[in-house]
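Observations on the three-dimensional arrangement
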Amino acid sequence: MKKNIVVALTKGRILKESLPLLADAGVEPVEPIDTTRKLLLKTNHQDIKLAILRGADVPTYVRYGSADLGIVGRDILLEYGSEGFYEAADLGIASCRLMTAGIPNSSPHVGTVRVATKFVNITREHFARKGKQIELVKLYGALELAPLMNLADLIVDLVDTGDTLSANGLVPFEEILAISSRLIVNKASIRQNNSFLLKFIDSLAKLSE
Ligand code: PRP
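The following refers to the structure shown. A quick note: this is a predicted structure, and the numbers were derived from the prediction, not measured.

Cut-offs used in this document
- Residues numbered from 1 in each chain as written.
- Predicted model: local features only at pLDDT ≥ 70, side-chain atom pairs only at ≥ 80, totals over all residues.
- Heavy atoms only, no water.
- Pairing = 2+ DSSP bridges.
- Helix = DSSP H or I, 4+ residues; strand = E, 2+ residues; numbered from the N terminus.
- Axes fitted to C-alpha atoms, helices over the stretch in contact; angles between N-to-C directions.
- Contact = heavy atoms within 4.5 Å.
- 1 Å grid on protein atoms, 1.4 Å probe; cavity = no way out; pocket = protein on both sides within 12 Å on 5 of 7 lines; lining within 4 Å.
- Points joined across faces, edges and corners; volume = space filled by probe spheres on them.
- Near = heavy atom within 4 Å.
- Polar contact = N/O pair within 3.5 Å; in protein donor to acceptor, adjacent residues only side chain to side chain.
- Areas by Shrake-Rupley, 256 points an atom, 1.4 Å probe, with all protein chains shown as cover.
- Sits in = over half its atoms within 2 Å of the grid points.
- Buried < 20%, exposed > 50% of the residue type's maximum accessible area, 1.4 Å probe, protein only.
- Patch = residues over 30% accessible without salt bridge, like charges linked within 9 Å, V, L, I, M, F, W, Y side chains within 5 Å.
- Salt bridge = Lys/Arg side-chain N within 4 Å of Asp/Glu carboxyl O.
- Phe/Tyr/Trp six-rings, centres within 6.5 Å; stacked < 30°, edge-to-face > 60°.
- Lys NZ or Arg CZ within 6 Å of the ring centre and 35° of its normal.

Spatially, six strands are ordered β2-β3-β1-β4-β11-β5 in an open sheet, and the strand pairing comes out mixed. Of all strands in the sheet, those with a lone pairing partner are β2 (40-42) and β5 (85-90), marking the two edges. The mean angle between the axes of side-by-side strands here comes to 25°, regardless of whether they run parallel or antiparallel. Most of the contacts of helix α1 (residues 13-24) go to strand β1 (residues 5-10), to which it runs at about 140°, and overall it touches β1, β3 (48-53), β4 (69-73) and β11 (181-186).

Listed below in structure tokens is the structure:
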């Protein structure tokens, strides 16, 4: 049986909100998570390690079994697919909304609306469902700049407090999806029937109920 259990965590806000949940389930990093440059951290459990990843990479590590568990946003699962692992629980943390946003009272779009986003698949499907033709512009961050610099008419981005939008003179228009973080589990890890792993999954799922 594989000895170590690896939990892949999404760095940023999800990581901050995952740590108290892991602590409640009895697992805490023993290395200074805020300051260390290490990406694979030891915990108070000899057999559990935490991997700190970009969200888009968490499903890949779990799918290939390099990580047994992952904590990742619903946005990532919908954008990049959720095949090859189980979704064990909605952890209810890092809640936010995926929204369209833009410049308030901007003049009506003539021709095809140009939409900038990191979430090209979700955005394409959303506008296709509405029967609206768009031109997609793929960006990797700082989406709020796109309408300000005339790169796009709209953005599709995550909105939590709304502070980033308002600081950049933008307003939210339409909610596309409600987002929260999910616990995902490698299929083979489940089949190993490691009672410690199963209990750990169960306690994380129960904590979020
Ligand atoms: C997200 C998102 C917005 C911001 C929204 O970015 O892309 O920019 O948070 O939060 P708010 O509504 O509370 O202002 P994040 O900080 O996660 O960084 P990212 O650009 O790397 O996604």
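More follows now that the structure is in view.
Another aspect to go through is the layout of surface pockets. Here the largest pocket defines a volume of roughly 870 Å³. Lining the largest pocket are 34 residues; nearest its centre among them are Asp75, Lys118, Phe119, Asp157 and Leu158. Secondary-structure elements contributing two or more residues to the lining of the largest pocket are α1, α3 (74-80), β9 (154-159) and α6 (163-167). Estimated volume of the second largest pocket: approximately 280 Å³. Surrounding the second largest pocket, 13 residues form its lining, Lys11, Leu15, Ile33, Thr36 and Ile52 being those nearest its centre.

Near the ligand the following residues occur: Lys118, Glu144, Asp157, Leu158, Val159, Asp160, Thr161, Gly162, Asp163 and Thr164. Contact distances for the ligand include 2.9 Å between an oxygen atom and a side-chain N or O atom of aspartate 157. Note that an oxygen atom of the ligand is positioned 2.5 Å from one of the side-chain N or O atoms of threonine 161. Relative to its unbound accessible surface of 500 Å², the ligand loses 59% to contact with the protein. The site holding the ligand turns out to be the largest pocket.

Attention now moves to the sheet that holds strand β6 (residues 96-102). Across the sheet, which stays open at both edges, the five strands sit in the order β8-β7-β9-β6-β10 with mixed pairing between neighbours. Bordering the open sheet on either side are β8 (134-138) and β10 (171-179), each of which pairs with just one other strand. Between one strand axis and the next, the sheet turns through 30° on average, direction left out of account. In this structure, β6 lies alongside β10, joined through seven bridges in antiparallel fashion. Across the sheet, glycine 102 pairs through a bridge with valine 171, a residue of β10.

Of all seven residues making up β6, six are buried, and the element is well covered by its neighbours. When β6 meets β9, the two strands line up antiparallel, connected through six bridges. Note on β9: the bridge partner recorded for threonine 100 is valine 156.

It is worth spelling out a nonpolar patch on the surface at this point. A surface patch of nonpolar side chains, amounting to about 360 Å² of accessible area, comprises Ile103, Leu145, Leu148 and Met149. Turning to its location among the elements, leucine 148 is positioned in helix α5 (residues 145-148).

This part covers the packing of aromatic side chains. Geometry of an aromatic ring pair is reported as the spacing of the ring centres plus the angle between the planes. As enumerated under the stated definition, the model contains one aromatic pair in all. Ring geometry for phenylalanine 196 against phenylalanine 200: centres 6.5 Å apart, planes inclined by 5°, an arrangement best described as stacked. Residue phenylalanine 196 and its partner phenylalanine 200 are located together in helix α8 (residues 195-207), separated by four residues, close to a single helical turn. Sitting over the ring of tyrosine 86, lysine 187 keeps its end group 5.4 Å from the ring centre.

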